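In case you want the letters, here they are:
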Amino acid sequence: MEKNLTSGSVFGNIVSFSLPYLLSYFLQTLYGMADLFIVGQFNGVDSITAVSVGSQVMHMLTVMIVGLAMGSTVTIGKAVGAGNSGQASRAIGNTITLFMGISIGATAVLLLSVQSIVLAMSTPKEAVSGTAIYLTICFVGIPFITAYNIISSIFRGLGDSKSPMYFIAVSCAVNIILDYVFIGLFHLGAAGAALGTTLSQTISVLTAMAVIRRRRTGLELKKEHLKPQRAVMGQVLKIGIPVSLQDGFIQIAFIVITVIANRRGLHEAAAVGIVEKIIGLVFLVPSTMLSTVSALSAQNIGAGKHDRAELTLRYAILITAGFGLVMSVITQFVSEPVVGLFTEDSFVVLLGGQYLRGYIWDCVFAGIHFCFSGYFCAYGKSGISFLHNSLSIVCVRIPGAYLASKYFADTLFPMGLAAPGGSLLSVIICGSAFVWMRRQLRE
């Protein structure tokens with residue numbers, strides 16, 4: 001299972017590592033899209049809004065867990081790159097202990113906060129009850145969501161991006177089947193979508209555990225490795241906390257924008273919710289490159305091969321920027337038909353098309369700063385990523401969306417442009433930070 005990524009073609013390593021990762025992200029994104037699509041086939045706008053609002057909250061929690069787990073991926077990757085199997089085993093053991101404790105505490109807090117979260121989201125009154133039920137069921141499954149993501153982070157730190165793909169494939173297939181059973185057959189609406197998601201995540205974790213028991217990992221995990229060690233957990237948290245906060249902050253910004261849309265009306269809320277799902281699909285390539293750059297660079301940095309880490313960044317930027325440009329141009333001509341796949345409401349389709357045409361340009365700029373963020377994390381400088389994302393959100397994304405909503409009440413297109421505007425600022429900051437870091441390394 002362990003794979004050394006410090007030799008051979010850099011571009012070849014990027015492709016071989018990122019493709020399974022990309023498929024994993026695609027399948028995970030298909031989760032939320034399947035929920036929204038199937039609910040849209042059997043229920044009205046109120047259920048669509050309930051699932052879109054609820055799934056956005058769950059997405060925020062998931063990306064924060066993934067961000068925190070980035071600390072584990074980088075820590076394990078550096079140990080593997082340096083050939084230190086003992087350090088890698090300690091990092092794996094402490095990751096398991098740390099995240100299980102976090103998941104149990106988070107579950108208790110979130111279950112007590114369901115109504116407050118629904119109110120904070122300014123959920124339209126028609127969708128309040130559905131959103132509350134959706135969140136309650138999903139919050140119960142937090143330990144399993146956490147378990148899946150820490151298992152994936154461990155595998156990727158070891159250079160294995162294929163195993164997590166298999167686990168999520170099982171989960172996705174089960175989720176779609178259960179969605180049709182709970183939503184289509186039993187007419188449970190938003191509750192059925194939540195049940196399908198939670199149960200499929202549980203099955204995914206059980207599958208992963210069964211595979212791990214039968215497979216040789218190349219590392220020995222003993223009971224003492226599970227004992228909390230201040231230095232190991234400190235390294236994981238030093239990298240993971242800024243990334244988690246950054247991702248959480250980004251999702252809060254999305255939620256604020258959703259609140260702005262919710263206050264405009266039920267149709268606007270549904271349109272924005274659908275577009276967020278579409279954007280999540282398009283952003284698979286940038287998100288994959290962020291994780292690929294961090295994992296590959298971490299191993300190369302651990303091996304002292306800084307030039308390969310930089311070359312990994314350059315190739316990843318070329319891939320993401322090119323992909324983003326192509327997708328942005330194509331979307332200008334097909335935005336309404338794409339939104340129409342999720343709903344037959346013509347007004348929602350019109351509003352969603354407007355929002356998507358503006359938002360899609362974020363794929364270009366976000367793709368670039370995602371790659372930079374992965375590179376910074378590999379060097380343990382995830383604070384830079386937190387800084388540029390925070391500034392882009394506070395200075396551009398949120399105020400831009402608010403002003404666009406206020407002064408362009410008849411269209412969502414200007415609101416969509418707030419996202420690429422914020423990412424452009426991030427690119428400028430990342431470029432400056434990269435030049436500074438390169439000078440520091442040379443000195």
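Residues numbered from 1 in each chain as written. Predicted model: local features only at pLDDT ≥ 70, side-chain atom pairs only at ≥ 80, totals over all residues. Heavy atoms only, no water.

Bringing the packing of aromatic side chains into the picture now. Inspection of the entire model under this criterion finds nine aromatic pairs. Ring geometry for phenylalanine 11 against tyrosine 315: centres 5.4 Å apart, planes inclined by 70°, an arrangement best described as edge-to-face. Of this pair, phenylalanine 11 sits in helix 1 (residues 10-42) while tyrosine 315 sits in helix 12 (residues 306-339); the two residues are 304 residues apart in sequence, bridging distant segments of the chain. Using a relative accessible area of 40% as the deciding quantity, one classes phenylalanine 11 as partly exposed. Assessed through its relative accessible area of 29%, tyrosine 315 is described here as partly exposed. Note on phenylalanine 283 and phenylalanine 370: the rings are 5.9 Å apart at their centroids and 80° apart in plane angle, and the pair reads as edge-to-face. Separated by 87 residues along the polypeptide, phenylalanine 283 in the loop between helix 10 (266-282) and helix 11 (284-302) and phenylalanine 370 in helix 14 (residues 362-378) bring together distant segments of the chain. (Phe/Tyr/Trp six-rings, centres within 6.5 Å; stacked < 30°, edge-to-face > 60°. Helix = DSSP H or I, 4+ residues; strand = E, 2+ residues; numbered from the N terminus. Buried < 20%, exposed > 50% of the residue type's maximum accessible area, 1.4 Å probe, protein only.)

On to the state of the cysteines, then. This structure, assessed with the given rule, holds zero disulfides. We note that cysteine 138 lacks a disulfide partner, and the nearest cysteine sulfur, in cysteine 172, lies 15 Å from it. For cysteine 138, a relative accessible area of 2% puts it in the buried group. Among the cysteines around cysteine 371, which has no disulfide bond, cysteine 430 carries the closest sulfur, lying 10.0 Å off. Here cysteine 371 falls in the buried class, since its relative accessible area comes to 0%. (Disulfide = S-S within 2.5 Å.)

Non-glycine residue histidine 187 carries a positive phi angle of around 55°. Relative to the elements of secondary structure, histidine 187 occurs in the loop between helix 7 (162-185) and helix 8 (189-214).

Attention now goes to a nonpolar patch on the surface. Residues Leu325, Val326, Val329, Ile330, Phe333 and Val334 make up a contiguous nonpolar surface patch of about 550 Å² in total accessible area. As for its position among the elements, isoleucine 330 is in helix 12. By relative accessible area, which is 41% here, isoleucine 330 ends up partly exposed. (Patch = residues over 30% accessible without salt bridge, like charges linked within 9 Å, V, L, I, M, F, W, Y side chains within 5 Å. Areas by Shrake-Rupley, 256 points an atom, 1.4 Å probe, with all protein chains shown as cover. Salt bridge = Lys/Arg side-chain N within 4 Å of Asp/Glu carboxyl O.)

Structurally, alanine 82 can be placed in the loop between helix 2 (45-81) and helix 3 (85-111). For alanine 82 and valine 53, which are 29 residues apart along the polypeptide, the C-alpha to C-alpha distance reads 44 Å. Not counting residues up to four positions away in its chain, the partners in contact with alanine 82 are Gly302 and Ala303. (Contact = heavy atoms within 4.5 Å.)

Turning our attention to the pattern of salt bridges. Evaluation of the coordinates by the stated rule reveals four salt bridges. Note that glutamate 310 and arginine 314 form a salt bridge whose closest N and O atoms lie 2.8 Å from each other. Of this pair, glutamate 310 and arginine 314 both sit in helix 12, four residues apart, roughly one helical turn. You can call glutamate 310 buried: its relative accessible area is 16%.

Moving on, we get to helix 9 (residues 230-264). Counted at 1.5 Å a residue, the expected span for helix 9 with its 35 residues is 51 Å, and the 49 Å between its end C-alpha atoms agrees. Residue glycine 240 marks the point of greatest curvature in helix 9, where the axis turns by about 30°; the proline proline 242 follows within four residues. Following helix 9 by one or two positions, glycine 265 adopts a phi angle in the positive range, close to 145°. (Expected span 1.5 Å × (residues − 1). Bend = angle between axes of the 7 residues up to and from the residue.)

Let's shift gears to the packing of helix 14 against helix 16 (residues 413-442). Packing of helix 14 against helix 16 leaves a shortest axis separation of 8 Å and a crossing angle of 30°. If you check the angle between helix 14 and helix 16, you find them roughly parallel. The interaxial crossing formed by helix 14 with helix 16 has left-handed handedness. Residue-level inspection shows Asp362, Phe365, Ala366, Ile368, His369, Phe372, Tyr375 and Phe376 of helix 14 in contact with helix 16, the latter providing Ala419, Pro420, Ser423, Leu424, Ser426, Val427, Cys430, Gly431, Ala433, Phe434, Met437 and Leu441. (Axes fitted to C-alpha atoms, helices over the stretch in contact; angles between N-to-C directions. Parallel < 35°, antiparallel > 145°, perpendicular 65-115°, else oblique. Left-handed = near helix turned anticlockwise from the far one by under 90°.)

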